[in-house]
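Survey of secondary and tertiary structure
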Amino acid sequence: MTAAASRIPFLAGNWKMHKDRASAVQLARAIAEGVRDISGREVAIFPPYPFIEAVAHAVNGTPVEIGAQECRAEDSGAFTGDVSAPMIASVGATLCLVGHSERRQYHAETNEGCNRKILSLLSHGILPIYCVGETLAERDAIRTFDVLETQLVEGLARLSPAEVGRLVVAYEPVWAIGTGRVATPEQAQEAHAFIRTVVARIAGADISGRIRIQYGGSVKAENVDELMACEDVDGALVGGASLLAADFLRIVRFESRGS
Ligand code: PGA
């Protein structure tokens, strides 16, 4: 089996700050129903904190996994309003986003802070999805690779190769998030291939061949097939289009060249 074939496609829905408890449970149930017979694809949803437990309950026994959108690096303490890795684990989350561009933008999240969160999550058995990506100004200044490299080197510092192997990376160009302006398959493939070479330097060729790299930024039913056809695109992190079950289920059922 080639390295690419060993990477199970991973489709994830980031609900951001949307829904109330009842509509979150309803959406989760509809997604779970739609993927009941799925095979060879991994599916996860990331509801807001207050709905994690109810949503985890609603999808219990189905292939849908649950993640949190954020966490703090410390286990507990005087950090009003924050939530820790053991807390999200205790309500049924098995995944957590780290370094989403909205956290970097609105909460001054740094690569070093992401690194501490990743280490905390791994120590509590939660799989981090580490989000990286350049702004439009950085792309225009031909700094995309520099930015990605720094985010990876600093964000994955102090991790053993085995720990790097447990992560998922999400490439999310900031200019494509929530804008309707999706990266072309060529732009996505180029960035993903570059990320894989940086991971190879950090953790070795074996890990870099196995690590999954999701693309995120205006993924929709209409563009998922061509993005997923790229050699190094192993999944999608979906915002807006994950809020309607039919749209998200079509994304989960993307058509690959082989299917
Ligand atoms: P979008 O968001 O699909 O709405 O662009 C993606 C993300 O922020 O993960």
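Since the structure is predicted, the reported quantities are computational estimates derived from the model, not experimental observations.

**Some points on the overall build of the chain**
If you tally the helices and strands in the chain, you get 13 helices and 8 strands. For the chain, the spread of C-alpha atoms along the three principal axes comes to 50 × 45 × 35 Å. By the burial criterion, 53% of the 259 residues in the chain qualify as buried. Counting only contacts in the chain whose residues sit at least 6 apart along the sequence, the fraction spanning at least 24 positions is 72%.

**Quick look at the side chain of Arg139**
As for its placement among the helices and strands, Arg139 is situated in helix α7 (residues 136-140). According to the relative accessible area criterion, Arg139 is buried, its value standing at 17%. In this structure, Arg139 is in contact with Glu134, Thr144, Tyr171, Trp175 and Gln187, ignoring residues within four places of it in sequence.

**Some details on the site of the ligand**
The environment of the ligand is made up of 13 residues, and the closest members are Lys16, His100, Glu172, Gly178 and Ser218. Lys16 has a polar side-chain atom sitting 2.7 Å from an oxygen atom of the ligand. The contact in question runs from an oxygen atom of the ligand to an N or O atom on the backbone of Gly178, over 2.6 Å. Protein coverage of the free-state accessible area of the ligand, which is 280 Å², stands at 95%.

**Concerning the packing of aromatic side chains**
Tallied over the entire structure, the rule returns 2 aromatic pairs. Considering the side-chain rings of Tyr171 and Tyr215, the 6.3 Å spacing of their centres and the 55 degrees angle between planes classify their relative orientation as tilted. Remark: Tyr215 occurs in strand β7 (residues 212-216) and Tyr171 occurs in strand β6 (residues 168-171); sequence separation between them is 44 residues. The same class applies to Tyr171 as to Tyr215, namely buried. The residue whose ring lies beneath Arg41 is Phe254, and the NZ or CZ to ring-centre distance is 3.8 Å. The cationic tip of Arg72 hangs over the ring face of Phe79; the distance from NZ or CZ to the ring centre is 3.7 Å.

**Regarding the packing of helix α8 (residues 144-155) against helix α10 (residues 185-203)**
One way to put it is that α8 packs onto α10 with a least axis distance of 10 Å and a crossing angle of 40 degrees. Between α8 and α10, the angle falls in the class oblique. Between α8 and α10 lies a crossing whose hand is right-handed. Contacts from Phe145, Leu148, Glu149, Leu152 and Val153 in α8 reach Glu190, Ala191, Phe194, Ile195, Val198, Arg201 and Ile202 in α10. Classifying every residue of the contact of α8 with α10 gives 9 nonpolar, no polar and 3 charged.

**Let's talk about the sheet that holds strand β2 (residues 42-46)**
Sheet strands pair via backbone hydrogen bonds, and the direction of the pair is either parallel or antiparallel. Taken in spatial order, the 8 strands line up as β1-β2-β3-β4-β5-β6-β7-β8 and close into a barrel, and their pairing is parallel. Averaged over all adjacent pairs, the angle separating strand axes in this sheet is 25 degrees, with direction ignored. Bridge analysis of strand β3 (residues 64-68) against strand β4 (residues 95-98) gives 2 bridges, and the strand direction is parallel. Note on β4: the bridge partner recorded for Gly67 is Leu95.

**Let's talk about the packing of helix α2 (residues 21-34) against helix α3 (residues 52-59)**
Contact pair α2 / α3: the axes reach a minimum separation of 9 Å and the direction vectors enclose 30 degrees. Taken together, the axes of α2 and α3 are roughly parallel relative to one another. Helix-helix and strand crossings are classified by hand; for α2 and α3 the assignment is right-handed. Residues Arg21, Ala24, Val25, Ala28, Arg29 and Ala32 of α2 form the contact with α3, whose own contacting residues are Ala54, Val55, Ala58 and Val59. For the contact of α2 with α3, the per-class residue count stands at 8 nonpolar, no polar and 2 charged.

**Let's talk about the state of the cysteines**
Summed over the entire model, instances satisfying the criterion amount to 0 disulfides. Here Cys96 is not cross-linked by a disulfide; its sulfur's nearest cysteine counterpart is in Cys71, at 4.3 Å. Here Cys131 is not disulfide-linked; the sulfur of Cys114 is the nearest cysteine sulfur, at 8.4 Å.

**Points about the environment of Pro47**
Relative to the helices and strands, Pro47 is located in the loop between β2 and α3. A C-alpha to C-alpha distance of 16 Å links Pro47 and Ala236, two positions 189 residues apart in sequence.

**A few points about the pairing of strand β8 (residues 235-238)**
Side chains Gly235 and Leu237 project from β8 onto one buried face, and the interleaved Ala236 and Val238 project onto a second face that is buried too. Judged from the 4 bridges that link them, strand β1 (residues 10-14) and β8 form a sheet pairing that is parallel. Pairing of Leu11 across the sheet is with Ala236, part of β8.

Quick notes on the rules
Residues numbered from 1 in each chain as written. Predicted model: local features only at pLDDT ≥ 70, side-chain atom pairs only at ≥ 80, totals over all residues. Heavy atoms only, no water. Helix = DSSP H or I, 4+ residues; strand = E, 2+ residues; numbered from the N terminus. Buried < 20%, exposed > 50% of the residue type's maximum accessible area, 1.4 Å probe, protein only. Contact = heavy atoms within 4.5 Å. Near = heavy atom within 4 Å. Polar contact = N/O pair within 3.5 Å; in protein donor to acceptor, adjacent residues only side chain to side chain. Areas by Shrake-Rupley, 256 points an atom, 1.4 Å probe, with all protein chains shown as cover. Phe/Tyr/Trp six-rings, centres within 6.5 Å; stacked < 30°, edge-to-face > 60°. Lys NZ or Arg CZ within 6 Å of the ring centre and 35° of its normal. Axes fitted to C-alpha atoms, helices over the stretch in contact; angles between N-to-C directions. Parallel < 35°, antiparallel > 145°, perpendicular 65-115°, else oblique. Left-handed = near helix turned anticlockwise from the far one by under 90°. Nonpolar A, V, L, I, M, F, W, Y, C, P; charged D, E, K, R; others polar. Pairing = 2+ DSSP bridges. Disulfide = S-S within 2.5 Å.

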